[in-house]
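# Notes for the structure review
This is what each chain is made of:
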Amino acid sequence: MYDETRAALKRLGLPDRDGVELGPSSKRFADGAQVRVEIPSCEGPQVLRAVLEEAERLDVRIHRVSQGSGVLLMTDEEIREMAKLGAEAGIEVSLFIGPRAGWHLSPLAKSESGGIVKSRTLGAEQIVQSVEEVKRAYALGIRSVLVADDGLLWVLGEMRRRGDLPADLKYKVSVMIGVANPATAMLLERYGADTINVGTDLNLAQLAAVRAATSVPLDIYVEVPDDVGGFVRYYEIPELIPLTSPVYIKFGLRNAPNIYPSGGHLEDLAVRLGRERVRRARIGQELIERYCPGVLMSKPGERVEDLAVPVVR
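Here is what the cut-offs are and how they apply
- Residues numbered from 1 in each chain as written.
- Predicted model: local features only at pLDDT ≥ 70, side-chain atom pairs only at ≥ 80, totals over all residues.
- Heavy atoms only, no water.
- Helix = DSSP H or I, 4+ residues; strand = E, 2+ residues; numbered from the N terminus.
- Expected span 1.5 Å × (residues − 1).
- Contact = heavy atoms within 4.5 Å.
- Pairing = 2+ DSSP bridges.
- Axes fitted to C-alpha atoms, helices over the stretch in contact; angles between N-to-C directions.
- Parallel < 35°, antiparallel > 145°, perpendicular 65-115°, else oblique.
- Left-handed = near helix turned anticlockwise from the far one by under 90°.
- Nonpolar A, V, L, I, M, F, W, Y, C, P; charged D, E, K, R; others polar.
- Patch = residues over 30% accessible without salt bridge, like charges linked within 9 Å, V, L, I, M, F, W, Y side chains within 5 Å.
- Areas by Shrake-Rupley, 256 points an atom, 1.4 Å probe, with all protein chains shown as cover.
- Salt bridge = Lys/Arg side-chain N within 4 Å of Asp/Glu carboxyl O.
- Phe/Tyr/Trp six-rings, centres within 6.5 Å; stacked < 30°, edge-to-face > 60°.
- Buried < 20%, exposed > 50% of the residue type's maximum accessible area, 1.4 Å probe, protein only.
- Lys NZ or Arg CZ within 6 Å of the ring centre and 35° of its normal.
- Core = buried A, V, L, I, M, F, W, Y, C linked by side-chain atoms within 4.5 Å.
- Right-handed = clockwise from strand over helix to strand, strands pointing away.

Bringing helix α2 (residues 45-58) into the picture now. For α2, with 14 residues, the first-to-last C-alpha span of 20 Å sits near the 20 Å given by 1.5 Å per residue. The secondary structure elements touched by the buried residues of α2 are β1 (35-39), β2 (64-67), α3 (76-89), β3 (92-96) and α9 (267-291). Taken from the residues just after α2, Asp-59 is the one with a positive phi, measuring 55°.

Across a sheet, strands are paired by hydrogen bonds formed along the backbone, either parallel or antiparallel in direction. In space, the 8 strands of this closed barrel follow the order β1-β2-β3-β4-β5-β6-β7-β8, with parallel pairing throughout. Across this sheet, the average inter-strand angle for adjacent strands is 30°, counted without regard to direction.

Bringing the packing of α2 against α9 into the picture now. Here α2 crosses α9 at 30°, and the two axes come no closer than 9 Å. Overall, the two elements α2 and α9 adopt an arrangement that is roughly parallel. Viewed along their axes, α2 and α9 form a crossing whose handedness is right-handed. Between α2 and α9, the contacting residues are Gln-46, Val-47, Ala-50, Val-51, Glu-53, Glu-54, Ala-55 and Leu-58 on the first element and Glu-267, Ala-270, Val-271, Gly-274, Arg-275, Val-278, Arg-279 and Arg-282 on the second. Broken down by class, the residue content of the contact of α2 with α9 amounts to 8 nonpolar, 2 polar and 6 charged.

Turning our eyes to something else, we now look at a nonpolar patch on the surface. The grouping of Leu-72, Leu-73, Trp-103 and Tyr-260 at the surface amounts to a nonpolar patch, some 380 Å² of accessible area in total. With respect to the helices and strands, Tyr-260 occurs in the loop between β8 (247-251) and α9.

So, about the packing of aromatic side chains. Summed over all chains, the structure comprises 3 aromatic pairs. Note on Tyr-234 and Phe-251: the rings are 5.8 Å apart at their centroids and 50° apart in plane angle, and the pair reads as tilted. Note that Tyr-234 is positioned in the loop between β7 (218-223) and α8 (237-244) and Phe-251 in strand β8, a separation of 17 residues in sequence. Judged by relative accessible area, Tyr-234 falls into the buried class, the value being 9%. The residue whose ring lies beneath Arg-100 is Trp-103, and the NZ or CZ to ring-centre distance is 3.9 Å. The lysine or arginine in question, Arg-143, covers the ring of Tyr-138, its NZ or CZ lying 3.5 Å from the ring centre.

Moving on: the nonpolar core. Ile-39, Val-65, Leu-156, Ile-196, Val-198 and Ile-249 are the most contacted members of the largest nonpolar core, which has 77 residues in total. No other element matches α9, which puts 7 residues into this core. Val-198 has contacts with Val-175, Val-179, Leu-207, Val-210, Leu-218, Asp-219 and Ile-220, leaving out every residue within four places of it along the chain. Of all hydrophobic cores here, the second largest spans 6 residues; its members include Tyr-248, Val-304, Leu-307 and Val-309.

With 5 of its 5 residues buried, β1 lies for the most part within the structure. Taking every second residue as pointing to the same face, both faces of β1 are buried, with Val-35, Val-37 and Ile-39 on one and Arg-36 and Glu-38 on the other. Here β1 pairs with β8 via 4 bridges, running parallel. Bridging across to β8, Val-37 finds its partner in Ile-249. Once you follow β1 into α2 and on to β2, the crossover reads as right-handed.

Another aspect to go through is the pattern of salt bridges. Two side chains with opposite charge may pair up if their charged atoms get near one another. Inspection of every chain in the model, using the stated rule, returns 31 salt bridges. As a salt-bridge pair, Glu-286 and Arg-282 come within 2.9 Å of each other at their nearest N and O atoms. Note that Glu-286 and Arg-282 are positioned in helix α9 at a spacing of 4 residues, about one turn of the helix. By relative accessible area, Glu-286 is classed as partly exposed at 32%. Through salt bridges with shared partners, a single network forms among Glu-38, Arg-64, Glu-92, Lys-172, Asp-219 and Lys-250.

Right, dumping it as structure tokens:
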């Protein structure tokens, strides 16, 4: 059925259907591993410190942490401290680019039907401001930034290609872009994405199709915050890893408040949420050990070229 269209998709380098038979993936991280672990919503150095302490206590392997409140709402000293903690632990620290429509003067972003634009970059001025944030984060030691607008990603990718931004800067596509199909993933990789957080509600067959269309690592929530779906998918981990390798599995939290933008007024809560995400990662790690012990996970603290570990400034 639909043979002509399916053939046309294949000529474009895309899979012509969804399906777990597209896997297992033979693609790997630079160190040969299939899977890494990401803890999201590390909103500042106090949260990151707590996450690292809990990871040591529970013997959890963490390779990347990400932050959602943005470079804008952190002081220089806080960013330096995040970079220092990440460098000492040998993990990637990815900071969100701050300017976004939902926090600015956009009634559309705040409307019932306009939520799709809330994380987008609003106008040319926010593109300029976003690039300035990337430069600031890099100067303070950060080597990975979260991007939630495909046009901004293209700008950043072109600037890196042309030498206007450093070659070792990594771009992590946010879940808020809403990657829902292989064609979008392929385009984002061409624009400069180094890792892609896919939509939270893709089933295994759809995830396999996205993997077939791109070579960069995928970031996949196995527990999803309520405001982006609220799914708990732990038992899919043994199938998800071989199908989508190389993959970062992410541990969000259901039944938890949205703390963006964060700050001192929410720090105690953010710390408690960070510790619980690590406990959830322990549950995921035990599940991997129980059901798919043969998968290859990157060693914690190992320096490899595709892991954007910060530097100390």
